[in-house]
Amino acid sequence: AIVVIVVVVAGIIGVTSHKKSSANSKTVNIGIMTSTKQDDAIWKVVSKTAKDKYGITLKFTHFTDYTQPNKALQNGSIDLDAFQHYAFLNEWNQANKTDLVSIGDTMISPIHIYSSKYKDVKDIPDNATVAVPNDASNESRALYVLKSAGLIKLDVSGDALATPKDVTENPKHLVIKELDAAQTARALDSVAASVVNFNYATAAKLPENQSIYAEPINKDSAQWINLIAAKKSEKNNKIYKEVVKAYETAATKKAIKEQYPTGGELPAW
Ligand code: MET
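Thresholds applied
Residues numbered from 1 in each chain as written. Predicted model: local features only at pLDDT ≥ 70, side-chain atom pairs only at ≥ 80, totals over all residues. Heavy atoms only, no water. Patch = residues over 30% accessible without salt bridge, like charges linked within 9 Å, V, L, I, M, F, W, Y side chains within 5 Å. Areas by Shrake-Rupley, 256 points an atom, 1.4 Å probe, with all protein chains shown as cover. Salt bridge = Lys/Arg side-chain N within 4 Å of Asp/Glu carboxyl O. Lys, Arg positive; Asp, Glu negative; His and termini not counted. Charge placed at Lys NZ, Arg CZ, Asp CG, Glu CD. Helix = DSSP H or I, 4+ residues; strand = E, 2+ residues; numbered from the N terminus. Pairing = 2+ DSSP bridges. Contact = heavy atoms within 4.5 Å. Axes fitted to C-alpha atoms, helices over the stretch in contact; angles between N-to-C directions. 1 Å grid on protein atoms, 1.4 Å probe; cavity = no way out; pocket = protein on both sides within 12 Å on 5 of 7 lines; lining within 4 Å. Points joined across faces, edges and corners; volume = space filled by probe spheres on them. Buried < 20%, exposed > 50% of the residue type's maximum accessible area, 1.4 Å probe, protein only.

(A) Region of the structure containing a positive patch on the surface. Together, Lys53, Lys232, Lys235, Lys241 and Lys245 give the surface a local cluster of positive charge. Relative to the helices and strands, lysine 245 is located in helix H7 (residues 238–247).

(B) Quick peek at the sheet that holds strand E13 (residues 266–267). Ordered by their spatial adjacency, six strands build an open sheet running E2-E1-E3-E12-E4-E13, and the pairing between neighbours is mixed. Two strands close off the open sheet at either side, each with one partner strand: strand E2 (57–63) and E13. Relative to E13, strand E4 (residues 101–108) runs antiparallel, the two sharing two bridges. Paired with isoleucine 108 across the bridge in E13 is leucine 266. The strands that helix H2 (residues 37–54) touches are strand E1 (27–33), E2 and strand E3 (80–85); relative to E2, the one it contacts most, it runs at about 150 degrees.

(C) Representation of the layout of surface pockets within the structure. In this structure, the largest pocket encloses a volume near 370 Å³. Around the largest pocket, the lining is made up of 22 residues, and of these Gln38, Phe198, Thr202, Leu206 and Tyr260 lie nearest the centre. Listed by contribution, the elements that provide at least two residues to the lining of the largest pocket are H2, strand E5 (112–114) and helix H6 (198–203). The dominant element in the lining of the largest pocket, judged by the number of residues it contributes, is H6, at four residues. Considering the residues around the second largest pocket, the lining is formed by 17 residues, among which Tyr144, Glu215, Asn218, Asp220 and Trp224 are closest to the centre.

(D) Looking closely at empty space enclosed by the protein. Inspection of the entire model under this criterion finds one cavity of 30 Å³ or more. Here the lining of the largest cavity takes four residues from E3, the largest share from any one element.

(E) Structural detail: the side chain of glutamine 38. Considering the arrangement of structural elements, one finds glutamine 38 in helix H2. On the basis of relative accessibility, which here comes to 18%, the residue glutamine 38 falls in the buried class. If we ignore the near neighbours within four places in the chain, the residues touching glutamine 38 are Thr202, Gln259 and Tyr260.

Everything listed is a geometric property; what it means functionally is a separate question.
Quick look at the structure:
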């Protein structure tokens, strides 16, 4: 009996230490935004594929605003991040003199104009205040959305960056209020309308019927595809490439469609 116990104990120790070392070398920490039940369900599917197919354990670090994940990626406290689109990454690299790179595409989520006071963009009154995100790429995106909703005109087009200075016609004399993207949902109580990135709309549980306009998907939309970013030095890291493969599966597509049946997020690989 003693021999059996020793063998069993040794076996347990052996298995445990073996598991630990392989887990350590194949654990990838991904920075994502505030947890929502929808995104948790999608990442659960990705995690299962990563584990079952590649033996990779995914860990997640949650962030509440767009300025944190790329800093954490740059300083090595996370391995990858998955929260931004191409336009944001480009602006980030320019402004911060970094060279973070995309290693794979994830999804696209149209930005919406929300209002808790008006049911139609036509009902937004003269001199009303409209909130937009204040980072360069999302502010530009919001201005193009106000343009395509017929509220303003711009002197830029295509994927050229727009700023409030590019507004050439503003028949309702709307006041554009620039806020951190993370504040745009909360601002709905105090403004006529607000342009809110979908992740913040989901996190704030904004009712779908408060969306009074959705950004159309067209030839200029590629810049809004969300991606998985890595440091440039890690762009050929085999394990990180496997994380991308674990994301880009039919099972993930199905989960995205199940979680966002009305197209809040759409697979984009
Ligand atoms: N998921 C957000 C969006 O597509 C990303 C914005 S850029 C940080 O609107």
